[in-house]
Amino acid sequence: MDTNRFKSSHDFSNIQKNLHNNPGYHVESYGQQVKDYMNDMKMKNQEVTKQGFMAHAQKSAKDVWDEIQEMASEAWDKNKDKHQ
């Protein structure tokens, strides 16, 4: 993965463009995630709850945010000395 440049898909200045470029953030994909969660819980003979799904979704969002922070930090570290 090229981390030398901050990827345009992580351009915070245009949120709508990011949503368009990252289909994982569309409502339709969350519908699929709900179905996947329900199937997974049924296979494990566990109760399917909205609270459980929301906890699952929150964990996914945190993982994505952690990844973005790591890439941003690496980009900063690699480029800060070039502009001083």
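Since the model is a prediction, treat every value here as computed from it, not as a measurement.

### Examining the pattern of salt bridges
Right, so step 1: Scanning the model with the defined rule gives two salt bridges in all.
Right, so step 2: Between aspartate 40 and lysine 44 there is a salt bridge, and its shortest N-O distance comes to 3.3 Å.
Right, so step 3: On the basis of relative accessible area, aspartate 40 is assigned to the partly exposed category, the value being 31%.
Right, so step 4: Between lysine 62 and aspartate 66 there is a salt bridge, and its shortest N-O distance comes to 2.9 Å. With a gap of four residues between them, lysine 62 and aspartate 66 both fall in helix H3 (residues 50-79), about one helical turn apart.

### Quick look at H3
For an α-helix the count is 3.6 residues per turn, leaving residues at separations of three or four pointing the same way.
Right, so step 1: Taking 1.5 Å of rise per residue, 30 residues should cover 44 Å, and H3 covers 43 Å from first to last C-alpha, within 8% of that figure.
Right, so step 2: Taken together, the buried positions of H3 are Phe53, Ala57, Ile68, Met71 and Ala75.

### Quick notes on unusual backbone geometry
Right, so step 1: If you check the backbone angles, asparagine 45 has positive phi at about 55° while not being a glycine.
Right, so step 2: Structurally, the position occupied by asparagine 45 is in the loop between helix H2 (27-43) and H3.
Right, so step 3: Classification of asparagine 45 by relative accessible area gives exposed; the value is 72%.

Rules of the game
- Residues numbered from 1 in each chain as written.
- Predicted model: local features only at pLDDT ≥ 70, side-chain atom pairs only at ≥ 80, totals over all residues.
- Heavy atoms only, no water.
- Salt bridge = Lys/Arg side-chain N within 4 Å of Asp/Glu carboxyl O.
- Buried < 20%, exposed > 50% of the residue type's maximum accessible area, 1.4 Å probe, protein only.
- Helix = DSSP H or I, 4+ residues; strand = E, 2+ residues; numbered from the N terminus.
- Expected span 1.5 Å × (residues − 1).

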